[in-house]
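Architecture at a glance
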Amino acid sequence: MQNIDTESINTLRFLSIDEVQAANSGHPGLPLGTAPLMYTIWDRFMKYNPENPNWFDRDRFVLSPGHGSALLYAMLHLAGYDLSLEDLKNFRQWGSKTPGHPEYGVTPGVDVSTGPLGHGFAMAVGLAMAEEMMAARYNRDGYKVVDHYTYGITSDGDQMEGVASEAASLAGTLGLGKLIFLYDDNKITIEGGTDIAFREDVGARFKAYGWQVLRVASSEDVEALTKAIEAAKKETKKPSLIIVKTHIGFGSPRQDMASAHGEPLGAENVAKTKEAAGWDGSQSFVVPEEVKAHFDAKLPQCRKNEEDWNKLVEAYSKAYPELAQELTDRLDGKMDLDLKELMGAFKDTDSVATRAASGTVLQLLADRIPALTGGSADLGPSNKTEMKGKGFFSAEDRTGRNIHFGIREHAMGCIVNGLCLHGGILPFGATFLVFADFMRPTVRMAALMGIGSVFVYTHDSVFVGEDGPTHEPIEQTMSLRLIPNVSVFRPADALETAVAWKAACENRKQPTCLLLTRQGLPVLHDYAKTIAKGAPKGAYVLSPSSKDKVKAVLLATGSEVHLALDAQKALEEKGIGVNVVSMPSWDVFEQQSSAYKKKVLPKDVLAIALEAGVRTGWARYTGSEDRVLGIDRFGASAPGKTVYKEFGFTVDHVVDMVKKLK
């Protein structure tokens, strides 16, 4: 009989290719090649409890090349998670717990949704940062209540993606010693050998980033893999990359072929693969009794891991009651925010850019929410995102709550998602709105996972001015609204900004995007009570007409709300009644009752929308793009007020649009 390591690895391999074959869809090559890596991590090192997949102090695992999901599902099944053989047989089927790529919240034991290459790698950096932050805050001598590792598997494809390079560079700079990745170095991609497009020395690159780089000559050498991971754990000042020589499609007739990557092997090749390893090629979804017993024998220790931690936390609560309560509150996401207090920060302010108002609110929130952590892609002074007195997280200081992400927008978004997924962190990342394009895949992944990442985007319109069209967002606001399950706020003033930040902090099931101005805007003090009541509903009648007959609704967001108010005044002087509706958030408004929505936007009154961005999409509220004052071309370089005027954002233009309504 084969030894238990070999038998277990073969079980993982053959469950994986059975899943792919049953679905007639999937990726058999990576599971066959990297099964020994997966097994070694989970058998020798992972701290977990399948009976409580979300136990806080578990080790995290990230399969960054998510196309190899069949292997992860096989591993979770053997490890005792709530994932049955029947679930494996339903791989890639409607409503199954085994989707084509790993999905957080769908499959027990999946810590991170992966699939877009490089993203998992970058999110793992966020997970490792979160562990360091939490450990620095809460651990005390004799009480290591936060003590876990982030393990992962990465691939050639991951390492070709720029986001992985961005994240690796930051991880090395930060010295994340509890981040350990095994690199599936199989030299094959979909189009052929990696040398057709990728000839760099990955190990040398990672050494330059500040990583420890180790090598294992053969993926089949479990003892060598074990020693490498042990060496990685001993290096506490650097993250580790273990480069492992693997073979895509190992043991199959398609070994080392590009065709092994993304298509089923076929029944005949599946049988040959099993038979070559001494298995019965006619049987599928087989878990030998000795393999099942091997993993079942781990379950008592898995339970004990969590039980011991619970006892440690209980003792910690007695020794450090205030810290323990704070930790509990953070893990529960508990917070108590007072909107009146947040809005009150502007009682003596007449005019302020919403980016600056955001900075003021952020200071208040930082004092009230210990979990609040984040920073900017080297734009902190412009984004107004530095939390004063909270320090900067670095290799030298793990207690800082501000983060220097560097000019790495894509990685920043992924890392923010990783921080959020870890638990105990309420993260934000900031840049200019036009650079949301660099981050769009990360916002989408946050939305797909249903996590509460916060993305702060400033310089939100052509009012950016002299920097010109490269820096003036046109389509970005609408493009963010198009992503399902994303909450987007474009506040009109400081008071609506306070509402938006409160909503972002309290929304733990969706990412929130805050779109903020560079230019100063009047604070709408006269409407404070209306804003406090209405803005949390996404849209509301900010200024009702004083006339008995209302000809139109001026529906506006952000800085254009002030234009709407000025136009309302001019129209009413001409005897034309209009309501002004501020709509800081489309998605929040859509969650309101039909009765409320009809009250804000009556069916029998035409609406004109005002927003300094593309008109596309506004017809859902106006009935026609002809009733939208927007911008359907790129911006221009000139003083902001000039650009705004040249694009027609004037009182006279709005008045003419209303007068022409029939």
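Here's what I pulled together on the structure shown here. Along each chain, residues carry numbers from 1 onward, in the same order as the chain's sequence is written. The model is predicted, so local features are restricted to residues of pLDDT at least 70 and side-chain atom pairs to those at 80 or more, both for listing and for counting; the totals for chains, interfaces and linings are taken over all residues. Remark: hydrogens and water are excluded; side-chain values derive from all non-hydrogen atoms of the structure.

**Remarks on the overall build of the protein chain**
Selection rule: The helix count covers DSSP runs of H or I at least four residues long, the strand count covers runs of E at least two residues long, and both are numbered beginning at the N terminus. We compute the radius of gyration from the C-alpha atoms alone; for a globule the expected value is 2.2 Å times N to the 0.38, where N is the number of residues. Exposure is judged per residue with a 1.4 Å probe applied to protein chains only, and the accessible area is read against the type maximum: over 50% gives exposed, under 20% gives buried, and values in between give partly exposed. Whether two residues touch is decided by their heavy atoms; if any such pair falls within 4.5 Å, the residues are in contact. Accessibility throughout is a Shrake-Rupley quantity obtained with a 1.4 Å probe, and a residue counts as covered only by protein chains that appear here.
On a plain count of helices and strands, the protein chain comes out with 27 helices and 20 strands. In terms of overall dimensions, the protein chain is globule-like: its C-alpha atoms have a radius of gyration of 28 Å, near the 26 Å expected for 662 residues. Each of the three principal axes of the protein chain carries a C-alpha extent, and together these read 95 × 60 × 45 Å. A buried classification covers 61% of the 662 residues belonging to the protein chain. Taking as baseline every contact in the protein chain between residues at least 6 positions apart, the subset at least 24 positions apart corresponds to 77%. For the protein chain, the accessible area works out to roughly 25400 Å², and carbon and sulfur atoms hold 49% of it.

**Details of the pattern of salt bridges**
When their charged atoms lie close together, side chains carrying opposite charge are able to pair. Defined as follows: A pair is scored as a salt bridge if a Lys or Arg side-chain nitrogen falls within 4 Å of a carboxyl oxygen belonging to Asp or Glu.
By the definition in use, this model includes 33 salt bridges. The shortest N-O distance in the salt bridge between D87 and K97 comes to 3.7 Å. On the criterion of sequence distance, the pair formed by D87 in helix α4 (residues 85-89) and K97 in the loop between α4 and α5 (119-138) is long-range, its members being 10 residues apart. Note that R137 and E326 form a salt bridge whose closest N and O atoms lie 2.9 Å from each other. Taken together, the positions of R137 in helix α5 and E326 in helix α13 (residues 321-332) put the pair 189 residues apart, joining distant regions of the chain. Relative accessible area serves as the criterion here: at 18%, E326 is assigned to the buried category. Three or more residues are tied together by salt bridges with common partners; here these are D5, D43, R44, E223 and K298.

**Side note on the packing of helix α22 (residues 560-573) against helix α27 (residues 651-659)**
Operational definition: To get an axis, fit a line to the C-alpha atoms, keeping to the stretch in contact for a helix; angles then go from 0 to 180 degrees between the N-to-C directions. Orientation categories follow fixed angle ranges, with anything under 35 degrees roughly parallel, anything over 145 roughly antiparallel, 65 to 115 roughly perpendicular, and all other angles oblique. In this scheme the crossing of two helices becomes right-handed for a clockwise turn of the near helix relative to the far one and left-handed for an anticlockwise turn of less than a right angle. Residues are grouped as follows: Ala, Val, Leu, Ile, Met, Phe, Trp, Tyr, Cys and Pro are nonpolar; Asp, Glu, Lys and Arg are charged; all remaining types, including Gly, are polar.
It is the contact of α22 with α27, at a shortest axis distance of 9 Å, that shows an interaxial angle of 60 degrees. Classed by the angle they form, the pair α22 and α27 counts as oblique. For the pair α22 and α27, the sense of crossing is right-handed. Along the contact surface, α22 presents L563, D566, A567, A570 and L571, while α27 presents V651, V654, V655 and V658. In terms of residue class, the contact of α22 with α27 is made up of eight nonpolar, no polar and one charged.

**A closer look at the state of the cysteines**
Inclusion rule: Any two cysteine sulfur atoms within 2.5 Å of one another count as a disulfide.
Taken as a whole, this structure holds zero disulfides when the rule is applied. With no disulfide of its own, C505 has C420 as its nearest cysteine by sulfur position, at a separation of 11 Å. Assessed through its relative accessible area of 0%, C505 is described here as buried.

**Brief notes about the pairing of strand β1 (residues 60-63)**
In plain terms, the rule: Two strands qualify as a pair provided DSSP detects at least 2 bridges between them.
Side-chain alternation along β1 places R60 and V62 on one buried face and F61 and L63 on a second face that is also buried. Here four bridges tie β1 to strand β2 (residues 150-155), and the two strands are oriented parallel to one another. Across the sheet, the residue bridging to L63 is I153, located in β2.

**Side note on the nonpolar core**
Defined as follows: Take the buried Ala, Val, Leu, Ile, Met, Phe, Trp, Tyr and Cys residues and link them wherever side-chain atoms come within 4.5 Å; each set so joined is a nonpolar core. These domain limits were set by an automatic method or by a database of domain assignments.
W501 and L554 are the most contacted members of the largest nonpolar core, which totals 88 residues. Shared between two domains, this core takes at least three residues from each, and those domains are domain 2 (339-522) and domain 3 (536-660).

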